[in-house]
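Observations on the model geometry
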Amino acid sequence: MLRAYEESETMVQKPPRFFGETPETEIKFNNKTAIEGAVATALAVSDGVDATAISVTAIDHEICLSGTVMWPAEIDRAVEIALSVPGVRKVSVNLAVGPRGQG
């Protein structure tokens, strides 16, 4: 069903996107604390990884994950989650598999 808009209503339209255009950045991180916090939060709330023993450190747009995980699959999942955070371009891994508190 089409709806007529009153003069006081506003429609917002985004310009069309084309292949090869530079994507717009929706989130910019002004300091390393913000990007570290965003990655740590994403790890904490995501399924497939227990982030209780994972430390997150940022250097520019690179994230370093260090600590211990219980299962090898958690390493791949942690990298996937970190890379999904806007602003993260590279992830370095220093994660060991084993009991918590080691690594």
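Residues numbered from 1 in each chain as written. Predicted model: local features only at pLDDT ≥ 70, side-chain atom pairs only at ≥ 80, totals over all residues. Heavy atoms only, no water.

Some points on the overall build of the protein
Within the protein one finds two helices and three strands. Of the regular secondary structure in the protein, the N- to C-terminal order runs α-β-β-α-β. A buried classification covers 26% of the 103 residues belonging to the protein. In the protein, of all internal contacts separated by at least 6 residues, the share reaching a separation of at least 24 is 62%. Working note: accessible area of the protein is about 7800 Å², and carbon and sulfur atoms make up 54% of it. (Helix = DSSP H or I, 4+ residues; strand = E, 2+ residues; numbered from the N terminus. Buried < 20%, exposed > 50% of the residue type's maximum accessible area, 1.4 Å probe, protein only. Contact = heavy atoms within 4.5 Å. Areas by Shrake-Rupley, 256 points an atom, 1.4 Å probe, with all protein chains shown as cover.)

Comments concerning the sheet that holds strand β3 (residues 90-97)
On the basis of which strands lie adjacent, the open sheet formed by three strands has the order β1-β2-β3 and mixed pairing. Every other strand in the sheet has two partners, leaving β1 (54-59) and β3 as the edge strands with one partner each. Neighbouring strand axes in the sheet, compared pairwise and without regard to direction, differ in orientation by 10 degrees on average. Where strand β2 (residues 62-69) and β3 come together, eight bridges link them in parallel fashion. Bridging across to β3, Cys64 finds its partner in Ser92. Sitting on the sheet, helix α1 (residues 32-45) is in contact with β1 and β2, with an inclination near 150 degrees to β1. Against the sheet, helix α2 (residues 72-84) contacts β1, β2 and β3, and its axis sits at roughly 155 degrees relative to β3. (Pairing = 2+ DSSP bridges. Axes fitted to C-alpha atoms, helices over the stretch in contact; angles between N-to-C directions.)

Some thoughts on the nonpolar core
If you look at the biggest cluster of nonpolar residues, it comprises 20 residues, and the most contacted ones within it are Val39, Leu43, Ile54, Ile63 and Leu65. Counting residues per element, the ones that place at least two in this core are α1, β1, β2, α2 and β3. (Core = buried A, V, L, I, M, F, W, Y, C linked by side-chain atoms within 4.5 Å.)

Quick notes on the confidence of the model for the protein
On average, residues of the protein score 79 in pLDDT, and 67% of them are at 70 or above. Taken as a whole, residues 1-10 scores under 50 in pLDDT and shows three contacts with residues more than four places along the chain or in a different chain. (pLDDT = per-residue confidence, 0-100.)

Overview of α2
In a regular helix each residue adds 1.5 Å, so 13 residues correspond to 18 Å; α2 covers 19 Å between its end C-alpha atoms and thus fits that length. The inward-facing, buried residues of α2 abut α1, β1, β2 and β3. (Expected span 1.5 Å × (residues − 1).)

Looking at the pattern of salt bridges
Pairing is possible between side chains of opposite charge, provided their charged atoms come close. All chains considered together, the criterion is met by one salt bridge. Ionic pairing is found between Arg77 and Glu80, a salt bridge with its closest N-O pair at 3.3 Å. With a gap of three residues between them, Arg77 and Glu80 both fall in helix α2, about one helical turn apart. Classification of Arg77 as partly exposed rests on a relative accessible area of 25%. (Salt bridge = Lys/Arg side-chain N within 4 Å of Asp/Glu carboxyl O.)

Details of unusual backbone geometry
What you tend to see is this: most non-glycine residues have negative phi, and most peptide bonds are trans. Of note in this structure, Asp60 is not a glycine but carries a positive phi near 55 degrees. For Asp60, a relative accessible area of 65% corresponds to the exposed category.

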